[in-house]
Amino acid sequence: MKKLTIARALRVALLALAAAGTAGVARADIKDYEFKLVEPTVAVGKDKIVTVRLVNKTTGKPVPDAVIFATRLDMAPEGMAEMATKIVAEPGGEPGSYRFKAAFGMEGKWLLSLGAKVQGETGTVESKLVITAQK
Ligand SMILES: [Cu+2]
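Parameters at a glance
Residues numbered from 1 in each chain as written. Predicted model: local features only at pLDDT ≥ 70, side-chain atom pairs only at ≥ 80, totals over all residues. Heavy atoms only, no water. Helix = DSSP H or I, 4+ residues; strand = E, 2+ residues; numbered from the N terminus. Polar contact = N/O pair within 3.5 Å; in protein donor to acceptor, adjacent residues only side chain to side chain. Core = buried A, V, L, I, M, F, W, Y, C linked by side-chain atoms within 4.5 Å. Buried < 20%, exposed > 50% of the residue type's maximum accessible area, 1.4 Å probe, protein only. Contact = heavy atoms within 4.5 Å. Pairing = 2+ DSSP bridges. Axes fitted to C-alpha atoms, helices over the stretch in contact; angles between N-to-C directions. Donors = N, O, S within 2.8 Å, 3.2 Å for Na, K, Ca; no water. Tetrahedral: all angles 85-135°; square planar, octahedral: opposite > 155°, others 65-115°. Salt bridge = Lys/Arg side-chain N within 4 Å of Asp/Glu carboxyl O.

Asks: Explain the side chain of Ser 113 to me, please; I cannot follow it from the model alone.
Replies: Looking at the element boundaries, Ser 113 is found in strand E8 (residues 108-117). Within the local environment of Ser 113, its side chain forms a polar contact with the side chain of Lys 128, the two groups lying 3.2 Å apart.

Asks: What is the right way to look at the nonpolar core in this model?
Replies: Counting residues in each nonpolar core, the largest one holds 26 residues, and the members touching the most others are Phe 35, Val 52, Leu 54, Leu 73, Phe 104, Leu 112 and Val 125. Listed by contribution, the elements that provide at least two residues to this core are strand E1 (33-37), strand E3 (45-56), strand E4 (67-75), strand E7 (97-104), E8 and strand E9 (125-134). Leaving out residues up to four positions away in the same chain, Leu 73 has contacts with Met 83, Ala 84, Thr 85, Ile 87, Ala 102, Phe 104, Trp 110, Leu 111, Leu 112 and Ile 131.

Asks: Looking at this structure, I do not really get unusual backbone geometry. What am I missing?
Replies: Working note: non-glycine residues mostly have negative phi, and peptide bonds are mostly trans. For Asp 47, which is not glycine, the phi torsion reads 50° and is therefore positive. Mapped onto the elements of the fold, Asp 47 is located in strand E3. Here Asp 47 falls in the exposed class, since its relative accessible area comes to 54%. One non-glycine residue, Asp 65, adopts positive backbone phi at about 65°. Checked against the element boundaries, Asp 65 lands in the loop between E3 and E4. Judged by its relative accessible area of 54%, Asp 65 is exposed.

Asks: So what exactly am I meant to see when it comes to the sheet that holds E7 here?
Replies: Two strands in a sheet stick together by hydrogen bonds in their backbones, pointing the same way (parallel) or opposite ways (antiparallel). Judged by pairing direction, the sheet is antiparallel, and its four strands sit side by side in the order E1-E3-E7-E6 without closing on themselves. In this open sheet, the two strands that pair with only one neighbour each are E1 and strand E6 (87-90). Going across the sheet, the axis of each strand differs from the next one's by a mean of 35°, ignoring polarity.

Asks: Would you take a moment to explain the coordination of the copper ion for this structure?
Replies: Geometry sets the ideal angles at a metal, namely 109.5 degrees for four tetrahedral donors and 90 or 180 degrees for six octahedral donors. Donor atoms from the polypeptide that coordinate the copper ion comprise Met 75 (SD), Met 80 (SD), Met 83 (SD) and Met 106 (SD), at 2.2 to 2.6 Å from the metal. Relative to the metal, the four donor atoms surrounding the copper ion lie at angles of 101 to 130°, and the coordination shape comes out tetrahedral. Along the chain, the residues donating to the copper ion are arranged with the sequence spacing M-x4-M-x2-M-x22-M.

Asks: Before we go on, may I ask you to explain the pattern of salt bridges in this structure?
Replies: Close approach of charged atoms allows side chains of opposite charge to pair. Enumeration over the complete set of coordinates arrives at three salt bridges. For Lys 36, the salt bridge identified is with Glu 34, shortest N-O distance 3.7 Å. The class for Lys 36 is partly exposed, based on a relative accessible area of 43%. Ionic pairing is found between Asp 74 and Arg 72, a salt bridge with its closest N-O pair at 2.6 Å. A relative accessible area of 5% places Asp 74 in the buried class.

Asks: Explanation requested: the sheet that holds E8 in the structure shown.
Replies: Read from one edge of the open sheet, five strands run E2-E9-E8-E4-E5, paired in mixed fashion. The outermost strands of the open sheet, each flanked by one partner alone, are strand E2 (41-43) and strand E5 (80-85). On average, adjacent strands in this sheet sit at an angle of 35° to one another, irrespective of strand direction. Where E4 lies against E8, seven bridges are found, and the strand directions are antiparallel. Residue pairing for E8: Asp 74 is matched across the bridge by Leu 111.

Everything listed is a geometric property; what it means functionally is a separate question.
Here's what the structure looks like:
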């Protein structure tokens, strides 16, 4: 009885390993994707637009239709992680580009944290980008 369970567990593990190997060959890894800021700076004030581009690092191509499920914008780089501002997705932009609208109430470095799902890939892309707000 116990022997049978071990044999079964081993078979499941081997199957999982084989599947992982195949997946690695057949498709890109989620780690191959990254967000990049189109502009590293933004003006201080309300309703400022931040544009990021999602690219496949191995091909250099933009990646459209990603689902952004998490965003946060705060002043962590300035030691003010608690100073967060509202950020909302903004329609428009080229395929592979993603726009957000936010209020930058203070000069300095802001940290934009993004979580996204890419079509056809398992796992999530997580990026932290530093934007400098200036007058
Ligand atoms: Cu601040």
